[in-house]
Amino acid sequence: MYLTKAEERALEGEHGEALALAYRILVATAKVLAADRLIPVAHAHVSGVSLLTIGEAGAEFLAEFAQTARVRIPTTVNPCGIDTTNWARHGVQPDYARNQLRVVEAYRRMGATKSFTCVPYAAFRPPARGAHVSWAESSAAIYGNSVLGLRTNRESGLTALASAITGKTPRAGLHLNAARGPSLMVKVSVKPRTPLDYGLLGYFAGQHSEQTIGFLGLASLGPAEGKALAAALGTSGACGMFTLEKNPRPGIETVDFTRRERQATLEQLGPGEVEEADALVFGCPQLLVGEIAAIARRVRHRRFRAPCLLFCARKVYDRARRAGLLEPIAAAGGQFVCDACADFSPLVGRLGRRIATDTCKAAHYMTRVHHITPILVDTQAALASFLD
Ligand code: F3S
């Protein structure tokens, strides 16, 4: 693998141990990926912020690393486990908050934007189409490749952090044209109507290929639909990109997604009667302004019959507030949580044993992280059931 003289010197520690360690991570990754060299990236998005994903050891490493490591390129970070300003109101224990805020402080010290979002493309202006970036958070990486025309592999928190510190990534995988065409087609015979439908399609497809997947029969995607498709695709498998195809491609295997596959995927993830749910959770991935607006329209002059948590980026929350979208939801009893992940946080586990949610990713992780029984239901049906 080729390294420039400057990269070699950095690898040998000429500019300090933090930069050397970041280069070691990238060089080791590049060898695994058979990359020929490193290339510059315009932006990094780092996961591994919530204490529930990194643990005490991860928090310790970040605090130590942040003593000397500094990001070189615009860098956003994933949600953490708490609302950084309102954690006490949500009943988070002070010890837990203190440990989580150490991680928050470590990223701030390194120079990352205090974004705490898994929809960095919605909260901040993304780089231009064609830009090479290094994005962890599978839903964001897939959305970036497939909808925004960015080029990124599905990075881990550590490799994205190494990219943030060096400004580089291995030239391999989805940075190259060869990996960006579909190696499997999914023929969509049951037309998706809601974001949940797109999620079920994505979850199904993600189980069938680790390479780029082409969807036949999807004309275009709105932001919420694209987000739902990308998130679910990234949850059930290792695929990093999808394309929308007009025609089958000769020689490429095609699988069908019919009413039967849709139903089977729903049964796999979270069947159940929404009326039996103890609480309702929206925002995995975190909510877009348009999604908050749709909820606000529906809840006017109504009350939630049980707890309803809505997870979003603080930037998105501020935009929604300026647009007057928060009052009707707050008046109905909905509770917004900024900065936090809907699943890797202590909040959802306390709501009850059966939680209704409208996304496949939330249903997948609620079961695995909190041993909750999820009830997967379309947004409008959830609201219809939860509003008195
Ligand atoms: Fe975002 Fe957490 Fe879901 S990072 S995509 S809310 S699992």
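Here the residue numbering is sequential within each chain, running from 1 through the sequence in written order. Reporting of local features is limited, given that this is a predicted model, to residues whose pLDDT is at least 70; pairs of side-chain atoms are given and counted only at 80 or more, and all residues count toward the totals for whole chains, interfaces and linings. Neither water nor hydrogens contribute to the side-chain values; these are computed over all heavy atoms in the structure.

Further remarks concern the overall build of the chain. Each helix and strand counted, the chain has 15 helices and 15 strands in total. Throughout, radius of gyration means the C-alpha value; the globule benchmark is 2.2 Å times the number of residues raised to the power 0.38. Computed over its C-alpha atoms, the radius of gyration of the chain comes to 21 Å, within 12% of the 21 Å expected for a compact globule of 388 residues. Dimensions of the chain, computed from C-alpha atoms along their principal axes, come out at roughly 65 × 60 × 35 Å. Each residue's exposure class comes from its accessible area (1.4 Å probe, protein chains only) as a fraction of the maximum for that residue type: buried when under 20%, exposed when over 50%, partly exposed otherwise. Sorting the 388 residues of the chain into buried and exposed places 58% on the buried side. The contacts in the chain between residues at least 6 apart in sequence include a share of 78% that link residues at least 24 apart. Each helix is a run of DSSP H or I of at least 4 residues and each strand a run of E of at least 2, with the numbering of both proceeding from the N terminus. Working rule for contacts: check all heavy atoms of both residues, and any pair within 4.5 Å makes them a contact.

On to the pattern of salt bridges, then. One speaks of a salt bridge when a side-chain nitrogen belonging to Lys or Arg is within 4 Å of a carboxyl oxygen belonging to Asp or Glu. Taken as a whole and judged by the stated rule, the model has 16 salt bridges. Across the salt bridge formed by Glu-17 and Arg-24, the nearest N and O atoms sit 2.7 Å from each other. Between Glu-105 and Arg-108 there is a salt bridge; the shortest N-O distance is 2.8 Å. Highlighted residues: Glu-105 and Arg-108, both in helix H4 (residues 94-110), separated by three residues, approximately one helical turn. Residue Arg-108 is classed as partly exposed on the basis of its relative accessible area of 40%. A network of salt bridges, in which partner residues are shared, links Asp-83, Arg-314 and Asp-339.

Any two strands with at least two DSSP-identified bridges between them are counted as paired. Here four strands make up an open sheet; going across it, the order is S3-S2-S4-S5 and the pairing parallel. One side of each edge strand has no neighbouring strand; the edge strands of this open sheet are strand S3 (75-77) and strand S5 (154-155). Where strand S2 (residues 44-46) meets strand S4 (residues 134-136), two bridges bridge the pair, whose relative direction is parallel. Bridge pairing links Ala-44 to Ser-134 in S4. The axes used here are C-alpha line fits, helices contributing only the stretch in contact, and every angle between their N-to-C directions lies in the interval 0 to 180 degrees. Sitting on the sheet, helix H6 (residues 138-146) is in contact with S4 and S5, with an inclination near 140 degrees to S4. Against the sheet, helix H7 (residues 157-166) engages S2, S3, S4 and S5, with an angle of about 140 degrees to S2.

Before going further, it helps to examine the site of the ligand. Residues are classed as near a molecule or strand on a simple rule: at least one heavy atom within 4 Å of it. As a matter of local geometry, the ligand sits amid Asn-78, Pro-79, Cys-118, Glu-137, Gly-283, Cys-284, Pro-285, Cys-341, Ala-342, Asp-343 and Lys-361. Broken down by element, the shell around the ligand gets its largest block of residues, three residues, from strand S11 (residues 279-287). Basically, the charged four are Asp, Glu, Lys and Arg, the nonpolar ten are Ala, Val, Leu, Ile, Met, Phe, Trp, Tyr, Cys and Pro, and anything else, Gly included, counts as polar. Here the shell around the ligand is composed, by residue class, of six nonpolar, two polar and three charged.

As a further point, take the environment of Leu-229. In this structure, Leu-229 sits in helix H9 (residues 223-236). C-alpha separation for the pair Leu-229 and Gly-324, spaced 95 residues apart in sequence, amounts to 28 Å. Not counting residues up to four positions away in its chain, the partners in contact with Leu-229 are Tyr-198, Leu-201, Gly-202, Phe-215, Leu-218, Leu-221 and Phe-242.

Moving on to the pairing of strand S12 (residues 308-312). Counting buried positions along S12 yields five of five residues, so the element is predominantly enclosed. Of the two faces of S12, the one holding Cys-308, Leu-310 and Cys-312 and the one holding Leu-309 and Phe-311 are both buried throughout. The sheet contact formed by S11 and S12 spans four bridges and is parallel. In the strand pairing of S12, Phe-282 is matched with Leu-310. The pairing of S12 with strand S13 (residues 334-338) spans five bridges and is parallel. In the strand pairing of S13, Cys-312 is matched with Cys-338.

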